[in-house]
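Each chain, letter by letter, is given below.
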Amino acid sequence: DHTLLAVATGNSRRGLDKVLERHGLTGVFHSEQVADHHPSKPNPSMILTAWNDTGVRPSRAGMLGDTTYDMDMARAAGIKKIGVTWGYHATETLKPDAMIETFAALSGAALHCGARRGSAVDGRASAVATLVVETGRLCGVEVGLGTRSR
């Protein structure tokens, strides 16, 4: 098992490319879904396309987000929701399956959301998620995490 990362963002392709390039993350994500090719959140189209790209089962996937739109999109797709306390929307409005206050808590939240212990979020994936979500607080980038059996 290993962790796959996908981006589902309301940004344009051009905007996401700039963010990824600025932070040295070009090529890190297995799937990059942008607003240019999908209906607006909370439509689950971005998540469904990421599943198709990665082969991750819904029971092994989770959405990490900072807005009610992210949580509603995950709910519409039938996957677990991980909220963050430092985002755009008030934490009490998110209603996630797990809430994290620091990036250090991401691995535990992924386990809570159905990933198997020892195979879900490794140190490298956590570091990548950290950078993108921090950037997302300013640029609207969210990260979807999932695991796939080989």
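Please refer to the structure placed before this passage.
Residues numbered from 1 in each chain as written. Predicted model: local features only at pLDDT ≥ 70, side-chain atom pairs only at ≥ 80, totals over all residues. Heavy atoms only, no water.

**Notes on the pairing of strand E4 (residues 80-84)**
- Along E4, four of the five residues are buried, which leaves the element largely enclosed by surrounding structure.
- As defined by bridge partners, strand E3 (residues 61-65) adjoins E4 across four bridges and the pair is classed as parallel. Each residue of the ladder has a partner; that of Gly 62, found in E4, is Lys 80.
- Considered for its hand, the β-α-β crossover made up of E3, helix H3 (residues 68-77) and E4 is right-handed.
- The pairing of E4 with strand E5 (residues 98-100) spans three bridges and is parallel. By the bridge assignment, Ile 82 is partnered in E5 with Ala 98. (Buried < 20%, exposed > 50% of the residue type's maximum accessible area, 1.4 Å probe, protein only. Helix = DSSP H or I, 4+ residues; strand = E, 2+ residues; numbered from the N terminus. Pairing = 2+ DSSP bridges. Right-handed = clockwise from strand over helix to strand, strands pointing away.)

**Regarding the side chain of Ser 45**
- Of note, Ser 45 is situated in helix H2 (residues 45-54).
- Note on Ser 45: relative accessible area 18%, which makes it buried.

**Let's talk about the environment of Arg 14**
- Tracing the backbone through its elements, the reader meets Arg 14 in helix H1 (residues 13-22).
- For Arg 14, a relative accessible area of 62% translates into the label exposed.
- Each C-alpha atom of the pair Arg 14 and Asp 36 lies 9.3 Å from the other, and the pair is 22 residues apart in sequence.

Keep in mind these numbers describe shape, not what the thing actually does.
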